[in-house]
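Tertiary structure, described
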Amino acid sequence: MQTSDQHAESGAAGYDFRAIQERWLPVWEELRPFEANDAAAGGGRPRKYVLDMFPYPSGDLHMGHAEAFCFGDVLARYWRGRGYDVLHPIGWDSFGLPAENAAIKRGVDPREWTYANIAQQKASFRLYAPSFDWSRVLHTSDPEYYRWNQWLFLKLYEKGLAYRKASWVNWDPVDQTVLANEQVLADGTSERSGAPVVKKKLTQWYFRITDYADRLLDDLDALEGQWPAKVLNMQRNWIGRSTGAEVEFEIEGREAKVPVFTTRPDTLYGATFMVVAPDSDLAAELAASASPEARMRFQEYLAEAQKQSEIDRQNADRPKTGVFLDHFAINPVNGERIPVWAADYVLADYGHGAIMAVPAHDQRDLDFALKFELPVRVVVEVRGEDGEPLPDPAESGVATAGDGILVNSGPLDGLGKAEAIARAVEVLEERGTGRAAKTYRLRDWLISRQRYWGTPIPILHGAGDSNAGEMRPVGEAELPVRLPASEGLDLKPKGASPLGAATEWARVIDPETGEEWTRDPDTMDTFVDSSWYYLRFLSARDDTQAFDPELARRWGPIDQYAGGVEHAILHLLYSRFITKVLHDLGYLDFEEPFTALLNQGMVLQDGAKMSKSKGNLVEFASELREHGADALRVTLAFAGPPEDDIDWADVSVQGSAKFLARAWRVADDVASEPGAEFSAGSTELRRHTHRLLADAPGLVEQYKFNVLVARLMDQVNVTRKAIDSGAGAADPAVRESAEATAMILSLFAPYTAEDMWAKLGHEPTVALAVWPEPDPALLVEDEITLVVQVNGKVRDRLTLPASVSESEAETAALASEAVQRAIGEREIANLIVRVPKIVSIALR
RNA sequence: GCCCUCGUAGCCCAACUGGCAGAGGCAGGCGACUUAAAAUCGCUUCAGUCAGGGUUCGAAUCCCUGCGAGGGCACCA
């Protein structure tokens, strides 16, 4: 039984998307045409690894998934059509907090919720029909997967790239777990729970990503043009390298010198005080040897500072605060004695947690100096746009940070900023009190989490008398360290990992020594899971190794990665880091995992992000049911450039369905036999078809899917006309056009294209049909339209043979009556001929 | 404050990367089919490219300034 609406969309003329879906789905499942060929020789065919960011199983697929997987699938199908062996796998990023929170809410095991959602998503994918290689499916929450996650951890641990330290960390008070820096939003709230993040001092596991900061930054240059400019920019900002100098200051009464980092070593003579972060070890140490009053002041200040939330602390408008630490430092270039203060505008974990303050040329230092009446000394004379010297910062309250001539600076006097920086570094190096240096905004990656639903960290802690305080890795042969059953464990967030309460699980007795050990109770950040999953697809069923390096050589790196821009920093940065580590360990011969990246935009409704709470949700499942997979995919591909957001209010799924029916009817109308000699067909239509074949690859490779769909619409329109009022349905050129249309359309509408392919008398599947090469003879025009401009205005259009020479074109242009009229009595100043296009005449 | 994108018909978007502003679609209009409507088919209206300046024979495209939208970083020394 059908509603009238459905009946309308199935099309009165015989196109019925439901029947077509039901016809081809079982055929494809039988044929399994998308299982990738791993063989070394590979039949001599080139390879492409096309990957979509794997989904998180929170409920059913939504429109965002529909969009992302549509674009990834277009690319995978495209390369197959070009004759490549394509690897296009799918899996699930199935560890993580939402499952655990849902499990707590419903009182069920996280496994149950997770695997039920995966089953639902698999069923939706089945109908949506991306060309996945299902034989390699993986779930990161399977022990067969996280076993190798643990292996990866051990490799980093052996290399000294995984370590434990006590530090101030981001704490999510709602989810009751630590967060990586990357998971704290710009406004100081958690990207997960939305709660304001607080700082806690805890001992946690870190990956030493900062060791790779330079490579992670510099290697971005090679991705220019292959990755969206926006993502490159975001990664560069995030790594945040600054170059400058490290300057060592002596502190009176202290043995060791204190290094500070500055980007402006040229202003060293203008340093009038030093500031250290109140929560740094140095501040505590200096306070300890200060006068009792100073010590008291400091302790009060520190306590006050630590009460601040991240949000308050990040407010740059807030007045400067600080306390004098009752110590003096010596400026290494001029021997000047300057006071040392503690102030919270200096961060403990950036640079060295201490700065030299140059109030004349740094606004923050100036604000501080004016408030606490510290001296301000100009050492760079900066001029404004009008060429006049800028007013004295001490008077104006505005620091002068620009370029200028150095004064009051000994050997630097008279130099410009850039020369002065270079000279200052030389001076420091000569005296052994400093050097050129770089520092980064990037911090080490905090990977431990105090939650249940993740990969257990494969480390044992000594729990006996003889081994107290010791730490030892679990042997590789003993992996995986399986998660204990959740039954009987309280998963509610309470600040300590639930695994700690699984006493049976946690207790390990060494069979040889009888020593008692306790398992590390924390689990890994799920971004560890996703940092290398693309390699596991190569060896998804291999229980002897994480992945086969030979297969990685064969398939890697990923030729085409597709996914949302929300992972522009987190996942992509971590994955790049882990790839470089695996390269350095000798497992990979490449250093960058993702050669090309496509970020799709979001699917909006009436300009707003869709959400249940806003009531503007367009359901993937219902769209799929009402319009079918093909119409949905065509709509998404046609809406605009893939990187742009799609507003569902601006698109028409009905329009897409109409187009598909028109395309299908063209194939249905073809009246010539398969194998008909195309060269006997209408040249006009053939030219159109071959131009499409010639342009389609460039359009796909430049992600201009919307343009390619428009070209397909055009092709269908032109072919329709040829059938109805031109060459006729029996003309072989009509068949040629319909076949080309089916092949290219199969990127967007696999069901419709398959049905067209069958109507045209071919065996399934169109997905493996290699596109014909365009005939160059049909791409050459025999006539061109030459535009003649006089003083920038189009005065005539001349139809000329394509072979026309420059001088012939010039003669023809000047012979035009309209052109002569435009020229009139005036003299020609310049005449430019660009042959197939234009003749441009400028008059004096 | 620093950095990155982007502004083209009523709407979504094209424009061979400096050469006739229009490929495609939505919406609108007219017509055919129909008892009628839906669907289908055919035809069709619609902007001079956010504003201003510059380079050029020629600018939507390159450069500068401004306005507007979106995004990243930010007491980061």
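Residues numbered from 1 in each chain as written. Chains lettered and ligands numbered in written order. Predicted model: local features only at pLDDT ≥ 70, side-chain atom pairs only at ≥ 80, totals over all residues. Heavy atoms only, no water.

Turning next to the overall build of chain A. For chain A, the count of helices and strands is 28 helices and 32 strands. Projected onto the principal axes, the alpha-carbon positions of chain A cover approximately 100 × 90 × 55 Å. Per-residue burial for chain A yields a buried fraction of 53% across its 844 residues. Taken as a whole, chain A presents about 36,100 Å² of accessible surface, with 50% of it coming from carbon and sulfur. For chain A, the distance from the average position of its 89 positive side-chain charges to the average position of its 130 negative side-chain charges is 1 Å. (Helix = DSSP H or I, 4+ residues; strand = E, 2+ residues; numbered from the N terminus. Buried < 20%, exposed > 50% of the residue type's maximum accessible area, 1.4 Å probe, protein only. Areas by Shrake-Rupley, 256 points an atom, 1.4 Å probe, with all protein chains shown as cover. Lys, Arg positive; Asp, Glu negative; His and termini not counted. Charge placed at Lys NZ, Arg CZ, Asp CG, Glu CD.)

Turning to helix H6 (residues 143-158), a few remarks are in order. Taking 1.5 Å per residue, 16 residues should reach 22 Å; H6 reaches 22 Å between its end C-alpha atoms and fits that length. Counting buried residues along H6, 12 of its 16 residues qualify, which places the element largely inside the surrounding structure. Among all positions of H6, only Pro143, Tyr145, Tyr146, Trp148, Asn149, Gln150, Trp151, Leu152, Phe153, Leu154, Lys155 and Leu156 are buried. Once H6 finishes, Gly160 follows within two positions and takes phi at roughly 75°, a positive value. (Expected span 1.5 Å × (residues − 1).)

Right, let's get into the protein's contact with RNA strand B. Around RNA strand B lies a shell of 52 residues, among which Arg364, Arg441, Arg797, Lys837 and Ser840 are the nearest. For RNA strand B, the backbone makes up 57% of the atoms found within 4 Å of the protein, where backbone means sugar plus phosphate. Lys704 places a polar side-chain atom, nitrogen or oxygen, 2.8 Å from a phosphate oxygen of RNA strand B. Of all elements in the fold, only helix H8 (229-239), strand S9 (258-262), helix H21 (653-669), helix H23 (705-725), strand S29 (783-790), strand S31 (828-834) and strand S32 (838-843) reach the threshold of two or more residues within the surface near RNA strand B. (Near = heavy atom within 4 Å. Polar contact = N/O pair within 3.5 Å; in protein donor to acceptor, adjacent residues only side chain to side chain.)

One open sheet accounts for 4 strands, arranged S20-S19-S22-S21; its pairing is antiparallel. Each edge of the open sheet is held by one strand with a lone partner, namely strand S20 (471-473) and strand S21 (507-509). Neighbouring strand axes in the sheet, compared pairwise and without regard to direction, differ in orientation by 35° on average. Here S21 runs beside strand S22 (residues 516-519); their pairing, made up of 3 bridges, is antiparallel. Directly across from Ile509, in S22, lies its bridge partner Glu516. (Pairing = 2+ DSSP bridges. Axes fitted to C-alpha atoms, helices over the stretch in contact; angles between N-to-C directions.)

The next subject is the packing of H21 against H23. Close contact between H21 and H23 brings their axes to 10 Å; oriented N to C, the two are set at 40°. Judged by the angle between their axes, H21 and H23 are oblique. Considering only the axes of H21 and H23, their crossing is left-handed. Contact with H21, carried on its side by Phe659, Arg662, Ala663, Arg665, Val666 and Asp669, involves Leu712, Met713, Val716, Asn717, Thr719, Arg720 and Ile723 of H23 and no other residues of that element. (Parallel < 35°, antiparallel > 145°, perpendicular 65-115°, else oblique. Left-handed = near helix turned anticlockwise from the far one by under 90°. Contact = heavy atoms within 4.5 Å.)

What follows deals with H21. Between its terminal C-alpha atoms H21 stretches 24 Å, which fits the 24 Å expected from 17 residues at 1.5 Å a residue. Three or more residues of H21 are buried, namely Val653, Ser656, Ala657, Phe659, Leu660, Ala661, Ala663, Trp664, Val666 and Ala667. Each element contacted by the buried residues of H21 is listed here: helix H2 (17-31), helix H20 (620-638), H23, helix H24 (732-745) and helix H25 (750-759).

Further remarks concern the packing of H6 against helix H19 (residues 570-584). H19 packs onto H6 with a crossing angle of 65° between their chain directions and a minimal axis gap of 11 Å. Put simply, H6 runs roughly perpendicular to H19. As H6 packs across H19, the resulting crossing turns out to be left-handed. Note on element contacts: H19 touches H6 through Phe577, Ile578, Val581 and Leu582, opposite Trp151, Leu152 and Leu156. Considered class by class, the residues forming the contact of H6 with H19 number 7 nonpolar, no polar and no charged. (Nonpolar A, V, L, I, M, F, W, Y, C, P; charged D, E, K, R; others polar.)

All right, on to the pattern of salt bridges then. Under the defined criterion, the tally for this structure stands at 47 salt bridges. The residue Asp669 makes a salt bridge to Arg720 at a minimum N-O spacing of 2.6 Å. In this pair, Asp669 is assigned in helix H21 and Arg720 in helix H23, connecting sequence segments 51 residues apart. Residue Asp669 is classed as partly exposed on the basis of its relative accessible area, which comes to 28%. Residue Arg720 is classed as buried on the basis of its relative accessible area, which comes to 17%. (Salt bridge = Lys/Arg side-chain N within 4 Å of Asp/Glu carboxyl O.)

For the rest of this paragraph, the subject is the pairing of strand S5 (residues 162-172). As paired elements, S5 and strand S7 (residues 198-207) share 10 bridges and run antiparallel to each other. Looking at the pairing, Arg164 lines up with Trp205 of S7. Relative to strand S6 (residues 177-179), S5 is paired through 3 bridges, and the arrangement is antiparallel. Across the sheet, the residue bridging to Asn170 is Leu179, located in S6. Turn length for the S5-S6 hairpin, with the two strands adjacent in sequence and antiparallel, is 4 residues, and the turn residue Gln176 shows positive phi of about 55°.

A separate point is the confidence of the model for chain A. Mean pLDDT over chain A stands at 91; residues scoring 70 or higher make up 98%. Note that residues 1-13 has pLDDT below 50 and, in this model, 11 contacts with residues that lie over four places away or in other chains. Interface scoring of the predicted complex returns ipTM 0.95; its pTM is 0.93. (pLDDT = per-residue confidence, 0-100.)

What follows concerns the environment of Asp606. Along the chain, Asp606 falls in the loop between strand S26 (603-605) and strand S27 (608-609). The exposure class assigned to Asp606 is exposed, which follows from its relative accessible area of 58%.

Moving on, we come to the packing of aromatic side chains. Given two aromatic rings, one states the distance between the centres and the angle between the planes to describe the pair. The full count for this structure, using the stated rule, is 42 aromatic pairs. Ring geometry for Phe132 and Trp134: centres 5.7 Å apart, planes at 80°, overall edge-to-face. Judged by relative accessible area, Phe132 falls into the buried class, the value being 3%. Clustering of aromatic rings is evident, with ring pairs tying together Phe153, Tyr157, Trp205, Phe207, Tyr212, Trp445, Phe527, Tyr574 and Phe577. Note that Lys200 overlies the ring of Trp171, its terminal NZ or CZ placed 4.1 Å from the centroid. (Phe/Tyr/Trp six-rings, centres within 6.5 Å; stacked < 30°, edge-to-face > 60°. Lys NZ or Arg CZ within 6 Å of the ring centre and 35° of its normal.)

The subject of this paragraph is unusual backbone geometry. The linkage connecting Leu479 with the following residue, Pro480, adopts the cis geometry, with an omega of 0°. Looking at the element boundaries, Pro480 is found in the loop between S20 and helix H15 (503-506). Of note, the amide linkage connecting Pro764 to Thr765 takes the cis form, showing an omega dihedral of 10°. Its place among the elements puts Thr765 in the loop between H25 and helix H26 (776-779). Positive phi, normally seen in glycine, also occurs at Arg32, with a value near 45°. Structurally, Arg32 can be placed in the loop between H2 and strand S1 (47-52). Of note in the backbone geometry, Ala129 takes a positive phi value of approximately 65° without being a glycine. Residue classification places Ala129 among the buried residues on the basis of a relative accessible area of 6%.

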